[in-house]
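Residue-level structure breakdown
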Amino acid sequence: MKISFRDLLRSGRPTDLVVHSLDQALYQVMVRIDGQDFVLTENDGRTFRRHSLNAVREALQVLPVATLSLRQSSAYDEMIGQPSRDGDNALEVPLSMDLYPPVTRH
């Protein structure tokens, strides 16, 4: 299922967003609403994709975001010839919506 920026903005509900790292520099966003996952689309229906995390954060600034995380699946097992696993080997880490986090000096 899909949901557009416009529809998500109209809902006004803070939602959980997961940024999927698809390739070295290609990111797509999934939206979780009431236990269902939706692919985020541009208002014209094209799948929302960006080439950097900062570009994703920048575009999402207008949306009501409750949580944001990055999910990346690893191809390591396949690369070293390990058999397929039953479980998922994805790594998921929380992200901040801050475009420019404060710099700390030591």
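Note that this is a predicted model, so its numbers are computed, not measured.

1. Focus: the environment of Leu 8
By the element assignment, Leu 8 lies in helix α1 (residues 5-11). Once the C-alpha coordinates of Leu 8 and Thr 41 are considered, the two residues, 33 residues apart in sequence, prove to be 9.9 Å apart. In contact with Leu 8, other than residues within four places in its own chain, are Ile 3, Thr 15, Leu 17, Val 31, Ile 33, Leu 40, Leu 63 and Pro 64.

2. A few points about the nonpolar core
Judged by nonpolar contacts, the single largest core of 17 residues is most densely connected at Leu 8, Val 31, Leu 40 and Leu 60. Mapped onto this core, the elements with two or more residues apiece are α1, β2 (15-23), β3 (26-33), β4 (36-41), α2 (53-60) and β6 (65-72). Of the residues forming this core, the biggest block, four residues, is contributed by β3. Once residues within four sequence positions are removed from consideration, Leu 40 is found in contact with Ile 3, Ser 4, Phe 5, Leu 8, Val 29, Val 31, Thr 47, Phe 48, Leu 60 and Leu 63.

Conventions used here
- Residues numbered from 1 in each chain as written.
- Predicted model: local features only at pLDDT ≥ 70, side-chain atom pairs only at ≥ 80, totals over all residues.
- Heavy atoms only, no water.
- Helix = DSSP H or I, 4+ residues; strand = E, 2+ residues; numbered from the N terminus.
- Contact = heavy atoms within 4.5 Å.
- Core = buried A, V, L, I, M, F, W, Y, C linked by side-chain atoms within 4.5 Å.
- Buried < 20%, exposed > 50% of the residue type's maximum accessible area, 1.4 Å probe, protein only.

This is a description of form; function is not addressed.
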